[in-house]
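Report on the structure
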Number of protein chains: 2
Amino acid sequence: MTDSSDSPGLRRRDLLARMGAVAATTFAAGAGALPAAAVGSWDIRTDVLVIGSGAAGACAAIEARTAGAEVLVVESLPLFGGSSAMSAGVVYAGGGTALQRAVGVEDSVEEMFRFISGVGGKHPPLEKIRLYCENSSAHFDWLVEQGVRYQPRLSTGMSVPLDGESLYFSGCELAWPARDIARPAPRGHVPAASGMTGGRVLMEALLARVGALGAQLRAGVSGERLVVAADGRVLGVEVSEAGRRLTIQARRGVVLAGGGFIHNREMVRSYAPELYDCSVPWGNVGDQGMGINMGIGAGAAALRMHQGFAIVPLYPPESVLMGIVVNAFGQRFVAEDTYYGVLGDAIAYHQQGRAWLITDRGSEPPVLQDNFLSVAEGNTIGDLAVQLDFPRGALQDTVAYYNRHARNTEDPLFRKRASLLRPLQGPPYRAWDLSVDKAFFPAHTFGGLHTGLDGEVINSFGEVIPGLYAAGRNSAGLPGAPYIASGLSVGDATFFGRRAGRAAGAVA
Amino acid sequence: MTDSSDSPGLRRRDLLARMGAVAATTFAAGAGALPAAAVGSWDIRTDVLVIGSGAAGACAAIEARTAGAEVLVVESLPLFGGSSAMSAGVVYAGGGTALQRAVGVEDSVEEMFRFISGVGGKHPPLEKIRLYCENSSAHFDWLVEQGVRYQPRLSTGMSVPLDGESLYFSGCELAWPARDIARPAPRGHVPAASGMTGGRVLMEALLARVGALGAQLRAGVSGERLVVAADGRVLGVEVSEAGRRLTIQARRGVVLAGGGFIHNREMVRSYAPELYDCSVPWGNVGDQGMGINMGIGAGAAALRMHQGFAIVPLYPPESVLMGIVVNAFGQRFVAEDTYYGVLGDAIAYHQQGRAWLITDRGSEPPVLQDNFLSVAEGNTIGDLAVQLDFPRGALQDTVAYYNRHARNTEDPLFRKRASLLRPLQGPPYRAWDLSVDKAFFPAHTFGGLHTGLDGEVINSFGEVIPGLYAAGRNSAGLPGAPYIASGLSVGDATFFGRRAGRAAGAVA
């Protein structure tokens, strides 16, 4: 990503050491925010201060600047782009976007709303989902206007397209029960890129735009505490830069867009124990939860702190899904052909982190060996069951039931799609360990500050904290557990990041 | 319970209306705590102010008073005792309590620790569990010293004894897998009482002691906001009483012991969606989460806000457990003979809130009809499956597998205890709806403020907030999801309530 000219020599180790050093020296321990009275004079002044330079921060900066505000974006790491730049850059968009129409896909706001609100967890944030869906098509146009390029080609695969197609089914739309809840449409919008570099391409475009609009970017600057007036209004932030503490005044508002907390292991263990055991904390090393903690320190409520994605990327190739996934009781428990975020959630949150993929001759592609360990092998299902120490006869019953119906291209339990449905057809049978701590099992947090539709941060009494906004994974937004589609997180970050920036920038 | 002489005429409706009216008038909206500068003079002064008069509050008051502090306990409702007084009053204690020894039960601190730390959710608070177990026997003695009476008789039943026995297996100790993790011992200590009035008996004793020690009790007083100095120290509380706002100074500390938030429906939906759909919000109507919200407003971190108990009290009588419990796929998923808090958790959190109990001739006691609806009836298992619209043949396979092994008194899947294990033996077969919104399914919240071993409240930066303590369900303590034993919540409330009161009371 963009190099930081401010701290070119900073090594990762120094950086991490500095990140750990959050002990405040300028005010009493126990005060989660810095009282304005303790700030002598401001070291730096701006209208809108954005903490974090990922998708949410960049979009907030663009809109705040467009609204006429002076904008400073600070980034704790030496490179800009956040976890968004590490991602595939997918934005979940629909309701008839220009790209959907260009490739002949039919979609509607209502079907998109049904999918997001009806397929994920219980009691999702309906108002945010509604707003997101209604403005999705316009939001996609805006991304294009910022210089993000898309190829009007549709991929038929289940995973991020690697051949330059910009639209695909990025979620579980085609799997049961989602396909009965909402009419499926491909809604994963991927920047034109080679391989998995969509996030980098997306962030290069957005950050270039941030710079072109005249917002300032400063790397190697970590937010430490919010500075708060006696009446609760957020006035600015105390930050650290190369060991020094600086205070930055934000006349119109502070936008917290500093990412999740998957790399703050203590936070993960306390808030999201199911994610703690997942083998790969997924995200930029800057995902330390500081933005969330600063907000909480100023009295903000935080929601859904236990949620996140826990994904088990079985495919590609999709042929592996002709196998079956079972729990420690030898039972199937999920449609194998669902989005791997849904599969991962089922394992991490609902099966105590343990599961196995059973493959046979023909459903075992060589690539599995890269990410998963084969822990049993045999000529019969019974051989596997013994090696796995499964309850006697349980796996055999499961396979018998599965085969009996698969022969008729049916799957009464989880309605796997016909193209992936056939009886297990013979040895070698293998069991692959899909347990969260044994498999390649990336995890990322979704919990964050409670925000309104314009990113305004809300306290535990339901009141807006004046001067404070949050977006992306510093906020509790659209993505939840289960994570039902790639692109919801970056989509939410860009969409609500924009709204937060616009609201903060427009403050008189 | 004890009558409130302060607001004898207060009706529940007035009370609820008042509870909803949390809009602060004396300071700016958005400030989660009231700055000390905004408080002219204190209306009331004390050393230790305890918010809430349940088990945690009463124990805190006793210890603070014993430490020499002036103590005021305020209660939002007209009656003292909190949700603890509604409960069965079970305290989970072990490691060789006087009562265990009196009835010849062997137990050890280590086995108790293994049970609590090893059987519940992932990454439990080990330090708290350790402290609790090591001091459990002494804590029980203390309860007796306060005047709580116990009968040295052991019940062999699985539920709260109704014939005056004071010790029983209150959790899932005897069910698999718990019994393989820790040597089972009965640890549910119930005050000598008739029927389910143990909580009232417990609270009458504790509150009498509070009064005898000279602590003040004041009903009809709701905590609204903490009053906080510029350096973060908590100085007191703004409360409301009969529509008036008062400020109370707490020279040594404030102990938040105001209970969970199951009756604050908006909080439940936001924080604990799985509990929202449960049919019976279980707890005192004062469980509005105000203590938690006051703490968050002052910068405290809150942990495990999504957790709680969701219980499905199938038994007594235990014969019903000769039936099987299945999910929407006709699969068994839990040991039917586990504690009903574990069974309820499995349904509410891991089966999307849906499950059914299948009974046969001989496993269907009449009492089921009081709490559960029979939704299918037939002469064969297949009849039930059709009526329930289960996946074709799935329930039949489940029952065939179960019967095949039950014939040998075996249950390879969930190892139900032998005394409850026999094949389903013939019609009439019935299915009872155990879904969270259809069955009698009480729910209560466990999330609360992050506290240290002495109840000191901790902010998002891991620092202690000076002057602020929390206990019981205002804190994140021992009880989690799944709730593995009755008595852990009241046990935690009494034990850590004492520690919070002692710490606050001892402040110089």
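Residues numbered from 1 in each chain as written. Chains lettered and ligands numbered in written order. Predicted model: local features only at pLDDT ≥ 70, side-chain atom pairs only at ≥ 80, totals over all residues.

**Observations concerning the overall build of chain A**
Quick reminder of the rule: Helix and strand assignments come from DSSP, with helices taken as H or I runs of at least 4 residues and strands as E runs of at least 2, each series counted from the N terminus. Radius of gyration: C-alpha atoms only; globule rule: 2.2 Å multiplied by the number of residues to the exponent 0.38. With C-beta atoms placed from the backbone, a residue counts as buried when 20 or more other C-beta atoms lie within 10 Å of its own, as exposed when 12 or fewer do, and as partly exposed for counts between those limits. Here contacts are defined at the residue level, using C-beta atoms placed from the backbone and a cut-off of 7 Å between them.
The number of helices and strands found in chain A is 16 helices and 21 strands. The C-alpha atoms of chain A give 24 Å as radius of gyration, which agrees with the globular expectation for 508 residues (23 Å, within 12%). Each principal axis of the C-alpha atoms in chain A carries an extent, and together these give about 75 × 50 × 45 Å. Here chain A holds 508 residues, and 62% of them are scored as buried. Here the contacts in chain A between residues at least 6 apart in sequence split such that 78% fall between residues at least 24 apart.

**Some words on the packing of helix 2 (residues 55-66) of chain B against helix 16 (residues 488-505) of chain B**
Residues and elements named next belong to chain B. Under the convention used in this document: To get an axis, a line is fitted to the C-alpha atoms, and for a helix only the part in contact is used. The angle between two axes follows their N-to-C directions and goes from 0 to 180 degrees. With the far helix as reference, a near helix turned anticlockwise by less than a right angle produces a left-handed crossing, and one turned clockwise produces a right-handed crossing. Each residue is assigned to one of three groups, with Ala, Val, Leu, Ile, Met, Phe, Trp, Tyr, Cys and Pro labelled nonpolar, Asp, Glu, Lys and Arg labelled charged, and all others, Gly among them, labelled polar.
Relative to each other, helix 2 and helix 16 sit at 35 degrees, their axes nearing to 7 Å. The element helix 2 and its partner helix 16 pack so that their crossing is right-handed. Across the interface between the two elements, Ala 55, Ala 56, Gly 57, Cys 59, Ala 60, Ala 61, Ile 62, Glu 63, Ala 64 and Arg 65 of helix 2 pack against Val 490, Ala 493, Thr 494, Gly 497, Arg 498, Ala 500, Gly 501, Arg 502, Ala 504 and Gly 505 of helix 16. Split into classes, the residues belonging to the contact of helix 2 with helix 16 amount to 11 nonpolar, five polar and four charged.

**Focus on the relation of the copies chain A and chain B**
Definition in use: A least-squares fit on C-alpha atoms brings the copies together, and the residues used are those whose pLDDT is at least 70 in both copies.
Turning chain A through 180 degrees and shifting it by 0.0 Å along the axis lays it on chain B, with an RMSD of 0.0 Å. Classification of the inter-copy transformation places it as that of a two-fold axis. Across chain A, the smallest distance between a C-alpha and the rotation axis is recorded for Gly 299 of chain A, namely 2.3 Å. Same-surface contact between copies: 100% of interface residues of chain A are shared with the interface of chain B.

**Let's talk about the domain arrangement of chain A**
Residue and element names in this part refer to chain A. What counts, and what does not: Segment limits for the domains were obtained from an automatic or database-derived domain assignment.
If you check the domain split of chain A, you get domain 1 (12-80 + 201-308 + 445-478 + 489-506), domain 2 (91-195) and domain 3 (312-433). Measuring from the centre of the C-alpha atoms in domain 1 to the corresponding centre in domain 2 gives 27 Å. Contributing elements (two or more residues each) for the side of domain 1 that touches domain 2: helix 8 (198-212) and helix 16 (488-506). Considering each element in turn, the side of domain 1 that touches domain 2 owes the most residues, six residues, to helix 8. For the side of domain 1 that touches domain 2, the residue count by class is 10 nonpolar, three polar and one charged.

**Considering the packing of helix 4 (residues 109-119) of chain B against helix 5 (residues 126-134) of chain B**
All names here are of chain B. Packing of helix 4 against helix 5 leaves a shortest axis separation of 9 Å and a crossing angle of 145 degrees. Seen along the crossing, helix 4 lies across helix 5 with a hand that is right-handed. Where helix 4 approaches helix 5, its residues Val 109, Met 112, Phe 113, Ile 116 and Ser 117 are matched on the opposing element by Leu 126, Ile 129, Arg 130, Cys 133 and Glu 134. Across the contact of helix 4 with helix 5, the residue classes tally to seven nonpolar, one polar and two charged.

**Focus on the sheet that holds strand 18 (residues 442-445) of chain A**
All names here are of chain A. Selection criterion: At least two DSSP bridges between two strands are needed for those strands to be called paired.
Pairing is mixed across the open sheet formed by three strands, whose spatial order is 11-18-13. In this open sheet, the two edge strands, each paired with only one partner strand, are strand 11 (280-281) and strand 13 (308-310). Across three bridges, the pairing between strand 13 and strand 18 is antiparallel. The residue bridging Phe 309 from the neighbouring strand is His 444, located in strand 18.

**Some remarks on the sheet that holds strand 4 (residues 91-92) of chain B**
Residue and element names in this part refer to chain B. The three strands are arranged 4-6-5 in an open sheet whose pairing can be described as antiparallel. Whereas interior strands pair on both sides, the edge strands pair on one side only; in this sheet they are strand 4 and strand 5 (167-168). Both strand 5 and strand 6 (residues 188-189) contribute to a ladder of two bridges, which runs antiparallel. Bridge assignment links Tyr 168 to a residue of strand 6, and that residue is Gly 188.

**A closer look at unusual backbone geometry**
Residue Pro 428 of chain A is bonded to the preceding Pro 427 of chain A through a cis peptide linkage, with omega at 0 degrees. Structurally, Pro 428 of chain A is set in the loop between helix 15 (394-406) and strand 17 (429-433). For the bond running from Ala 481 of chain A to Pro 482 of chain A, omega is 0 degrees, close enough to zero to count as cis. Note on placement: Pro 482 of chain A falls in the loop between strand 21 (464-470) and helix 16. For Gln 352 of chain B, which is not glycine, the phi torsion reads 55 degrees and is therefore positive. Looking at where Gln 352 of chain B falls in the secondary structure, it is placed in the loop between helix 12 (340-350) and strand 15 (356-359).

**Comments concerning the environment of Leu 384 of chain A**
All names here are of chain A. The residue Leu 384 is located in helix 14 (residues 381-388) in this model. Given 25 C-beta atoms within 10 Å, Leu 384 falls into the buried group. Sequence separation between Leu 384 and Ala 400 is 16 residues; the distance between their C-alpha atoms is 14 Å. With near-sequence residues (within four places) excluded, Leu 384 lies in contact with Ile 358, Ala 376, Gly 378, Leu 395, Tyr 429 and Ala 431.

**A word on the nonpolar core**
Here is the rule we go by: For this analysis, nonpolar core means a set of buried Ala, Val, Leu, Ile, Met, Phe, Trp, Tyr and Cys residues linked through C-beta atoms within 7 Å.
Core analysis: the largest hydrophobic core is formed by 338 residues, its most contacted members being Val 254, Val 255 and Tyr 469 of chain A together with Val 254, Val 255 and Tyr 469 of chain B. Excluding its chain neighbours within four sequence positions, the residues that come into contact with Tyr 469 of chain B are Gly 253, Val 254, Val 255, Leu 256, Gly 455, Glu 456, Val 457, Ala 500, Ala 503 and Ala 504 of chain B.

**Digging into the pairing of strand 21 of chain A**
Residues and elements named next belong to chain A. In terms of burial, strand 21 is a largely internal element, six of the seven residues being buried. With three bridges joining them, strand 10 (residues 244-256) and strand 21 adopt parallel strand pairing. Within strand 21, the position partnered with Leu 256 by the bridge is Ala 470. When strand 20 (residues 456-458) meets strand 21, the two strands line up antiparallel, connected through two bridges. Bridge assignment links Glu 456 to a residue of strand 21, and that residue is Tyr 469.

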